[in-house]
Amino acid sequence: HYVANTFVPSRCAVVGVGIDQNTLSGFAQNLELASGSGKSNSTSYYGGDARKDTAGVVAHVAVAGQGGSLLNQKEALAFAVLKQAVGAGAATKRGNINGSFGKALQSAVTDASVSYSTINDSYEDAGLFGFLVSTDGQLIGKVNCYRIE
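Please read all numbers here as calculations on a predicted model, not as lab measurements.

Participant: In this structure, what is going on with the sheet that holds strand β2 (residues 114–122)? I would like to understand it.
Facilitator: Adjacent strands of a sheet form backbone hydrogen bonds with each other and so pair up, either parallel or antiparallel. Ordered in space as β1-β3-β2, the 3 strands form an open sheet in which the pairing is antiparallel. The outermost strands of the open sheet, each flanked by one partner alone, are β1 (58–66) and β2. Going across the sheet, the axis of each strand differs from the next one's by a mean of 15°, ignoring polarity. Examined bridge by bridge, β2 and strand β3 (residues 127–136) share 9 bridges and lie antiparallel to one another. Each bridged residue has a counterpart across the sheet, and for Thr118 the counterpart in β3 is Phe131. Across the face of the sheet, helix α3 (residues 73–86) comes into contact with β1, β2 and β3 while running at roughly 170° to β2.

Participant: How should I be thinking about the nonpolar core in this particular structure?
Facilitator: Within the largest apolar cluster, 9 residues are counted, these being Ala59, Leu105, Val109, Val114, Tyr116, Phe131, Val133, Leu139 and Ile140. Counting only elements with at least two residues in this core, the list comes to β2 and β3.

Participant: Which parts of the structure should I look at to understand the pairing of β3?
Facilitator: In the case of a regular strand, side chains alternate between the two sheet surfaces. Within β3, 7 of the 10 residues are buried, which leaves it mostly tucked inside the rest of the structure. Of the pairings in the sheet, the one linking β1 to β3 comprises 9 bridges and is antiparallel in character. Following the sheet pairing, Ala62 is matched in β3 by Leu132. In this structure, the hairpin formed by β2 and β3 is closed by a connection of 4 residues.

Participant: Even after reading the chapter, I still don't get the environment of Val58, so can you show me in this structure?
Facilitator: Turning to its location among the elements, Val58 is positioned in strand β1. Judged by relative accessible area, which is 45%, Val58 ranks as partly exposed. Considering only alpha carbons, one finds Val58 and Gln138, 80 residues apart in sequence, at a separation of 8.5 Å. In contact with Val58, other than residues within four places in its own chain, are Thr135 and Gly137.

Definitions and limits used
- Residues numbered from 1 in each chain as written.
- Predicted model: local features only at pLDDT ≥ 70, side-chain atom pairs only at ≥ 80, totals over all residues.
- Heavy atoms only, no water.
- Pairing = 2+ DSSP bridges.
- Helix = DSSP H or I, 4+ residues; strand = E, 2+ residues; numbered from the N terminus.
- Axes fitted to C-alpha atoms, helices over the stretch in contact; angles between N-to-C directions.
- Contact = heavy atoms within 4.5 Å.
- Core = buried A, V, L, I, M, F, W, Y, C linked by side-chain atoms within 4.5 Å.
- Buried < 20%, exposed > 50% of the residue type's maximum accessible area, 1.4 Å probe, protein only.

So, in structure tokens, the structure goes:
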């Protein structure tokens, strides 16, 4: 059970403000927490899909996959370099998109505006790498088809 494996004494703290130390200590001792050190499984990325329809005409699409974890420094560094190689979109609010990926995205939507950002989040045991693209909802398919290929 999740609670029994997560809420164990070695992972809990009892904090009180405006309460006597002895009263707080007595409360903490009466908590029925499972003994042991709890579960220590690493995080796994399983993917997924989330959609939300709105009344606007702009579509936002994020595509991501498993990235590099901080435990594997070479892999984490490779994803950090890849993020810079792909590019991060415009540096200012109304700035031009630079780099070959940005220019290819802009050419896919011709005169419509497009913005994109690269995602690279590394954690101790897992990572996430991908991109976020925003443009007119009727053009988003063209942009993502090019980007994924």
